[in-house]
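If you want the building blocks of each chain, they are given just below.
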Amino acid sequence: MQTNASIPSLLVVDDDPLILQVMKLCLPEPDYRVYTAENAIDGQALFIKHAPDAVLLDIQMAAQSGLAALHEFRELDPRVPVILMTGHGTAETAISAMSGGAFEYITKPFEPDDILPLIDSAIETSRMARLPTILPGERTLKNVDSADGEKVLGQCPAMVEVFRSIGRVAAREVAVLVLGETGTGKEVVARAIYQHSQRHDQVFNAINCAAIPENLLESELFGHEKGAFTGADQRRIGKFEVCNGGTLFLDEIGDMTPLMQTKMLRVLQEKEFERVGGSKPIKTDVRIIAATNRDLDAAMADGSFRSDLYYRLNEYTIILPPLRDRGDDVPMMTEFFFRTFAQQLGKDFLSISPETMQLLTSHSWPGNVRELQGVVKQTLLKASGPVIVPAFLPVGFGETKIATGPNGQTRQSWEVDLATEVQRLLESGSHSISDEVHDQVDRVLLEGVLKSTAGNISESATRLGISRPTLRNRIRHLGIDTTQS
Ligand SMILES: Nc1ncnc2c1ncn2[C@@H]1O[C@H](COP(=O)(O)OP(=O)(O)OP(=O)(O)O)[C@@H](O)[C@H]1O
């Protein structure tokens, strides 16, 4: 069950009633809330009343210029991403407006498949910027919109140190590097730093460097000139230009290719860059928060990560401990997630039996807080009473292992199958084993979850613990037909 505040919302402003109708159909309730206005004045009134996550704005309306409306929205709240819709004749105006802070533009006519990933990505970005992260001891943030934010939990000494670090570094204009295993809360920390920073009311954007191929990432970050490469039929404004004066969160920075690392180093050192295919240096003032779950010391040692870039990104480092090292935080967080999710899912919850808690606290949590949240949700969905007993835990949780790996470590049956597949690929002479194996695993994962939600993208993304844009990208990459789910 989604509460009103958790339902993604979009304001569409266009004097063409057909577009308004189509967007409502493409983004149906209860997954989305779509507000529509046929002119900019009504659009502004709805913007103030409903504080939507993102705006889709026609640039060429009969009565009023969309650009003036963009300016008004930016004045009201620069953190709300605005996607511009444009005809072919006005594309150049829309592109220029991006350096004035528009999130993206799209040329009419467009297909739902072209606009939906953009809208999801805008909503995701907006939520990262605006959903309050409430640190322990803090009641609400004065910077942020609503009281119902996301509580960041932690009482163990290492987490107390993390919270202190956020307090120390947020207001300073330094680059921050957030390190930690997957699911430890790096994105949460990045959001908290932004929300507590002096740039909290300026634009915020996030890019997952691992999810985008090198050439696209280059355009995404630095933009490109028309004709810079095949398919570059328009100029593009990159995130370093859009985020001028604001903050850019670069997730999975450890996955950047050497070329991108070199380009990043230059923009961090000189605070200027050129669009791909361009020669004019463009000045930018962007605060970088970067994160990775890679071991950057090892990556520098083997030459795959530049040490000069590391030192630029790492003016301050925050290290998130894995969940298994957080001691009594595990039972505390487990209890909190059971209470919170039971309420959201409309399930009864009274207590966790000592045997269940014992199983949960002795688990090693390789997926960290994200895994804990997933286990709690699955357990609640299975539970048939208010006391959580071990039988309600997901099938296979804490199960005994059945095979032994090369170093004597125990393995589950699927790990044995995976090891056999890796061996087969090695023998086949493949040079893309990582991609091939990840794609195979992803296919099983995505098809299973999509089937269980009858192809519902929002619900599947929630269950997978990934964003809707990431899920849509993976579905497209794997060519999965969601209508068959
Ligand atoms: N200390 C915490 N208190 C409450 N919730 C948390 C905490 N840390 C993480 N979470 C939650 O756990 C989930 C995963 O967190 P997040 O996405 O920040 O992890 P991450 O380290 O960025 O993961 P990845 O490396 O896979 O991108 C999110 O739902 C987040 O809200």
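Residues numbered from 1 in each chain as written. Predicted model: local features only at pLDDT ≥ 70, side-chain atom pairs only at ≥ 80, totals over all residues.

Novice: Help me out: how do you make sense of the UniProt feature "domain: Response regulatory" (unreviewed entry) in the chain in this one?
Specialist: With numbering matched to this structure, UniProt assigns "domain: Response regulatory" (unreviewed entry) to residues 9-123. Secondary structure across residues 9-123 divides into 46% helix and 21% strand, with the first and last C-alpha atoms of the span separated by 8 Å. (UniProt positions renumbered as here; feature names shortened; annotations may be inferred. Helix = DSSP H or I, 4+ residues; strand = E, 2+ residues; numbered from the N terminus.)

Novice: Where do I start with the packing of helix α18 (residues 457-464) against helix α19 (residues 468-478) in this structure?
Specialist: How two helices sit against one another is set out by the angle between their axes and by the gap between those axes. It is the contact of α18 with α19, at a shortest axis distance of 9 Å, that shows an interaxial angle of 105°. Judged by the inter-axis angle, α18 sits roughly perpendicular to α19. Mapping the contact onto sequence places I457, S458, S460, A461 and L464 in α18 and R468, L471 and R472 in α19. When its residues are assigned to classes, the contact of α18 with α19 shows four nonpolar, two polar and two charged. (Axes fitted to C-alpha atoms, helices over the stretch in contact; angles between N-to-C directions. Parallel < 35°, antiparallel > 145°, perpendicular 65-115°, else oblique. Contact = placed C-beta atoms within 7 Å. Nonpolar A, V, L, I, M, F, W, Y, C, P; charged D, E, K, R; others polar.)

Novice: When you look at the sheet that holds strand β14 (residues 316-319) in this model, what are you seeing that I'm missing?
Specialist: Ordered in space as β9-β10-β13-β8-β14, the five strands form an open sheet in which the pairing is parallel. Looking at which strands have only one partner, the edges of the open sheet turn out to be β9 (204-208) and β14. Looking at each pair of strands side by side, their axes are set apart by 15° on average, direction ignored. Bridge analysis of strand β10 (residues 247-251) against strand β13 (residues 287-292) gives four bridges, and the strand direction is parallel. Residue L250 lies in a different strand from β13, and its bridge partner there is A290. (Pairing = 2+ DSSP bridges.)

Novice: Teacher, can you tell me more about the site of the ligand here?
Specialist: In the vicinity of the ligand lie 17 residues, with T182, G185, K186, E187 and V369 positioned nearest. Within the residue set of the shell around the ligand, elements represented by two or more residues are α7 (186-195) and α15 (368-382). Its residues assigned to classes, the shell around the ligand shows four nonpolar, eight polar and five charged. (Near = placed C-beta within 6 Å.)

Novice: Can you walk me through the UniProt feature "domain: Sigma-54 factor interaction" (unreviewed entry) in the chain in this structure?
Specialist: Under the feature "domain: Sigma-54 factor interaction" (unreviewed entry), the UniProt entry names residues 152-381. Between the first and last C-alpha atoms of residues 152-381 the distance is 24 Å; the span itself is 44% helix and 13% strand.

Novice: Can you walk me through the packing of helix α13 (residues 329-345) against α15 in this structure?
Specialist: With their axes 9 Å apart at the nearest point, α13 and α15 run at an angle of 50° to one another. Our classification of the angle between α13 and α15 gives oblique. The way α13 lies across α15 gives a crossing that is right-handed. The segment α13 lies against α15, with M333, T334, F337, F338, F341, A342 and L345 engaging L372, Q373, V376, K377, L380 and L381. When grouped by side-chain class, the residues that make up the contact of α13 with α15 number 10 nonpolar, two polar and one charged. (Left-handed = near helix turned anticlockwise from the far one by under 90°.)

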